[in-house]
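One letter stands for each residue in the lines below.
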Amino acid sequence: MHEVTGGWRRIAAGAGLLGPDGTVHPTIFAEMSALAGRTGAINLGQGFPDEDGPADVLEAARRAIADGENQYPPGRGILDLRVSIAEHHRRFYEWEVDPEREVLVTAGATEALTATLLALVDGPDDEVVVFEPFYDSYAAAAAMAGARLVPVPLVAPSFQPDLQVLRDAVTDRTRIILVNDPHNPTGTVFTAEVRAEVLRLAERHDAVVVTDEVYEHLVFEGPHVPLATMPGARERTVSISSAGKTFSVTGWKIGWVTASPELIDAILAVKQFLTYVNGSPFQPAIAAGLRLPQAFFDGLAAAMHAKARLLGEGLRAAGFTVTPPAGSYFTVADAEGLGVRDAAAFCRTLPERAGVVAIPLTAFVTPAHRDRYATMLRFAACKRVDVLREASGRLAALGRVSSAG
């Protein structure tokens, strides 16, 4: 078999999946989920819920299938979903958008991000500034677009950026500043000062701000603030969100982009040649979900916050140093107090030692900055309470063994 050439090497390398010998490694999520399957360990690594979403949303999907909504939807998404997204923005953020021209439905947030970078990056001289650690698809999408990725490390334990480092990173070569808020993998929520500085720098250097806000309804204290709603931000901001995390339907892959008509048109020019369209019967179901009563959304954040506290108690009992998250599915725990020096190696032994799977934070970091996060792990709290209690008990037992040793 001859060697397969092409852009795949650049993309795999960008995502940190290309080994020195040229082979492609599986993502850390695939590796750890497979390890959970082999060992029977509780999988707190990959961020997907183990419970179905709201009954009304599931029933709306079944009804749409029965009613024959199984063919291609419109390229921008069905109008009722786009209207419901506009209603959602008005209801939660007092943000007025035009569902006809300023909303685009996508195959989840991942496609939205990829289409956006492919649309807006113009070549290898363009740079994408990203806060590190970052979700792995960001690096892959930047590599696909041919851009240079410029990471700005988040400083533990608050996981806020050093603003001077951010200022130094954003230059006239910066095409996109990519902001994930609430943040995966750290669970941080950026301060008002950070948000304001991102927008100031974007305006100064004529950059586009692209936001990944899939955890917008999982902020534990205070309201979520979309960057696009801040003064002067609207015309240079591409806002991305999705239904998977809010309604516990990660497999449906229904996301959306909100931006100015000019930016939407540019992104659509690329997106239509990726998936074209997707999820026809799921789109009316998500429209129904976005119209659920306020009690659902309030309960969602409160329930996840309680789960994060429960997980944090178990991690502290095990001897980890825990950074309480401000939002999202995730909690970061530092294993240095357990004598750990390499979180990746520790994660590969944790299923056998404690019956729990986690993800090393270094999986979300470029090689130059891995030392900053070498002993940190990410745990997902988006599981049933009984599962989290069992995992906490197993981790606490690990802590007792470590203390005795």
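You'll find the structure just up there.
Right, let's walk through the structure included here. (Residues numbered from 1 in each chain as written. Predicted model: local features only at pLDDT ≥ 70, side-chain atom pairs only at ≥ 80, totals over all residues. Heavy atoms only, no water.)

**Focus: empty space enclosed by the protein**
Using the criterion set out here, one finds four cavities of 30 Å³ or more in the structure. The calculated volume of the largest cavity comes to roughly 70 Å³. Lining the largest cavity are His 89, Tyr 93, Trp 95, Glu 213, Glu 216, Pro 226, Ser 239, Ile 240, Ser 241, Trp 256 and Thr 258. Of all the elements in the fold, those that place two or more residues in the lining of the largest cavity are helix H4 (79-93), strand E8 (237-242) and strand E9 (255-258). Tallying contributions element by element places E8 first for the lining of the largest cavity, with three residues. Taken together, the residues that form the lining of the largest cavity break down as five nonpolar, four polar and two charged. By volume, the second largest cavity amounts to about 40 Å³. Lining the second largest cavity are Trp 95, Val 97, Glu 102, Ala 228, Arg 234, Thr 237, Ser 239, Thr 258, Ala 259 and Ser 260. By residue class, the composition of the lining of the second largest cavity is four nonpolar, four polar and two charged. (1 Å grid on protein atoms, 1.4 Å probe; cavity = no way out; pocket = protein on both sides within 12 Å on 5 of 7 lines; lining within 4 Å. Points joined across faces, edges and corners; volume = space filled by probe spheres on them. Helix = DSSP H or I, 4+ residues; strand = E, 2+ residues; numbered from the N terminus. Nonpolar A, V, L, I, M, F, W, Y, C, P; charged D, E, K, R; others polar.)

**Quick look at the pattern of salt bridges**
Applying the stated criterion to the full structure yields 19 salt bridges. Measuring nitrogen to oxygen at the nearest pair gives 2.9 Å for the salt bridge that ties Arg 9 to Glu 3. Classification of Arg 9 by relative accessible area gives partly exposed; the value is 26%. Of the charged contacts, one joins Glu 87 and Arg 291 as a salt bridge, the two residues approaching to 2.8 Å between their closest N and O atoms. Placement of the pair is Glu 87 in helix H4 and Arg 291 in the loop between helix H11 (282-290) and helix H12 (294-317), with a sequence separation of 204 residues. The network of salt bridges with shared partners includes Asp 50, Arg 384 and Asp 386. (Salt bridge = Lys/Arg side-chain N within 4 Å of Asp/Glu carboxyl O. Buried < 20%, exposed > 50% of the residue type's maximum accessible area, 1.4 Å probe, protein only.)

**Digging into the packing of aromatic side chains**
A full pass over the atoms with the stated rule returns 16 aromatic pairs. Between Trp 252 and Phe 282, the ring centres sit 4.4 Å apart and the planes meet at 15°, which makes this aromatic pair stacked. Residue Trp 252 is located in the loop between helix H9 (244-247) and E9, and its partner Phe 282 is located in helix H11; the two are separated by 30 residues in the primary sequence. Trp 252 gets classed as buried once you look at its relative accessible area, which sits at 16%. (Phe/Tyr/Trp six-rings, centres within 6.5 Å; stacked < 30°, edge-to-face > 60°.)

**Details of the sheet that holds E9**
Spatial strand order, E2-E9-E8-E7-E6-E3-E4-E5: eight strands in an open sheet with mixed pairing. Pairing within the sheet leaves two strands with one partner each, and these edge strands are strand E2 (103-106) and strand E5 (160-161). Here E2 pairs with E9 via four bridges, running antiparallel. Each bridged residue has a counterpart across the sheet, and for Leu 104 the counterpart in E9 is Val 257. Sitting on the sheet, helix H5 (residues 108-120) touches E2, strand E3 (127-132), strand E6 (174-180), strand E7 (208-212), E8 and E9, and the angle it makes with E8 is about 160°. (Pairing = 2+ DSSP bridges. Contact = heavy atoms within 4.5 Å. Axes fitted to C-alpha atoms, helices over the stretch in contact; angles between N-to-C directions.)

**A look at helix H2 (residues 28-39)**
For H2, with 12 residues, the first-to-last C-alpha span of 16 Å sits near the 16 Å given by 1.5 Å per residue. On the buried face of H2, the contacting elements are strand E1 (42-43), helix H6 (136-145), helix H13 (343-354), strand E12 (356-357), strand E13 (359-360) and strand E14 (376-380). Count one or two residues on from H2 and you reach Gly 40, which has phi positive near 75°. (Expected span 1.5 Å × (residues − 1).)

**Considering the sheet that holds E14**
Pairing in this open sheet of four strands is antiparallel, and the strands run E10-E11-E14-E13 from one edge to the other. Each having just a single partner strand, strand E10 (321-323) and E13 make up the two edges of the open sheet. In the sheet, strand E11 (residues 330-334) pairs with E14 via five bridges, with the strands oriented antiparallel. Looking at E14, one finds that Ala 333 is bridged to Leu 377. Where H12 meets the sheet, it contacts E10, E11 and E14, and its direction lies at approximately 15° from that of E11.

**Digging into the environment of Gln 164**
Tracing the backbone shows Gln 164 in helix H7 (residues 163-169). Given a relative accessible area of 41%, Gln 164 falls into the partly exposed group. Considering only alpha carbons, one finds Gln 164 and Thr 114, 50 residues apart in sequence, at a separation of 28 Å.

None of this, on its own, says anything about what the molecule does.
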